[in-house]
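# Fold and contact review
The chain contents come next:
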Amino acid sequence: MKTNRPLRLGIVGCGNVLTAYGPPIQQLRARGQAEPVLACGRESQRDFAAAQLGTVRFTTEPEDVLRSPDVDAVVILTSMPQHGPLARAALEAGKHVFVEKPLATSLDDAKALVELAKGSPGLLVCAPFTILSPTFQTISSCIRRGD
């Protein structure tokens, strides 16, 4: 079902990587396509999150984002060991999930997330711009050649 309202975002992880996401989120907001509604980080990151995202509710508990009926999609920008468990919990809560790379810290966990996403109403996306970057494309080519 198509809706005219913006996609409501919950951001989990308000560290330095948020500087890469703040401007595009603000562009989506300006176009009426997305609206950051809830951010989660350490208390010391509250002002930084507001500077990157604009006016947004703030919490220190990831579960607040995962359980919020006001959040359609969860953007996971935490440390790597948290990616897989948070993505799983968000999918199980029926949310769309965009997770910074890596998707998980083991191939088995990543495969399990992909399988879970197949049966979830939410979509699972892992930072595509990273794997599409020229640097990672070159590394991938070198690996495939056996260099």
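Read on for a plain summary of the structure.

Calculation notes
Residues numbered from 1 in each chain as written. Predicted model: local features only at pLDDT ≥ 70, side-chain atom pairs only at ≥ 80, totals over all residues. Heavy atoms only, no water. Pairing = 2+ DSSP bridges. Helix = DSSP H or I, 4+ residues; strand = E, 2+ residues; numbered from the N terminus. Right-handed = clockwise from strand over helix to strand, strands pointing away. Core = buried A, V, L, I, M, F, W, Y, C linked by side-chain atoms within 4.5 Å. Buried < 20%, exposed > 50% of the residue type's maximum accessible area, 1.4 Å probe, protein only. Contact = heavy atoms within 4.5 Å. Axes fitted to C-alpha atoms, helices over the stretch in contact; angles between N-to-C directions.

## A few points about the pairing of strand β1 (residues 7–12)
In regular strands, side chains alternate between the two faces of the sheet. With six bridges joining them, β1 and strand β2 (residues 34–40) adopt parallel strand pairing. Bridge pairing links L9 to P36 in β2. Taken together, β1, helix α1 (residues 18–30) and β2 form a β-α-β motif whose crossover is right-handed.

## Some words on the nonpolar core
One finds V12, V65, V71, V74, I76, V97 and L113 to be the most contacted residues of the largest nonpolar core, which totals 20 residues. Residue assignment for this core shows that the elements contributing at least two residues are β2, α3 (62–67), β4 (73–76), α4 (80–92), β5 (96–99) and α5 (107–118). The element best represented in this core is α4, accounting for four residues. Setting aside its immediate chain neighbours within four residues, L113 contacts G84, A87, R88, L91, L103, A104 and L124. Ranked by size, the runner-up nonpolar core spans 16 residues in total, among them A39, A49, V56 and A73.

## Examining the sheet that holds β5
Spatial ordering of the open sheet is given by β3-β2-β1-β4-β5-β6, a layout of six strands whose pairing is parallel. What marks the edges here is a single partner per strand, and that holds for β3 (57–59) and β6 (124–126). On average, each strand axis in the sheet is tilted by 20° relative to the strand beside it, whichever way the strands run. The sheet contact formed by β2 and β3 spans three bridges and is parallel. The residue bridging C40 from the neighbouring strand is T59, located in β3. Strands β1, β2 and β5 of the sheet are contacted by α1, whose axis makes an angle of about 145° with β2.

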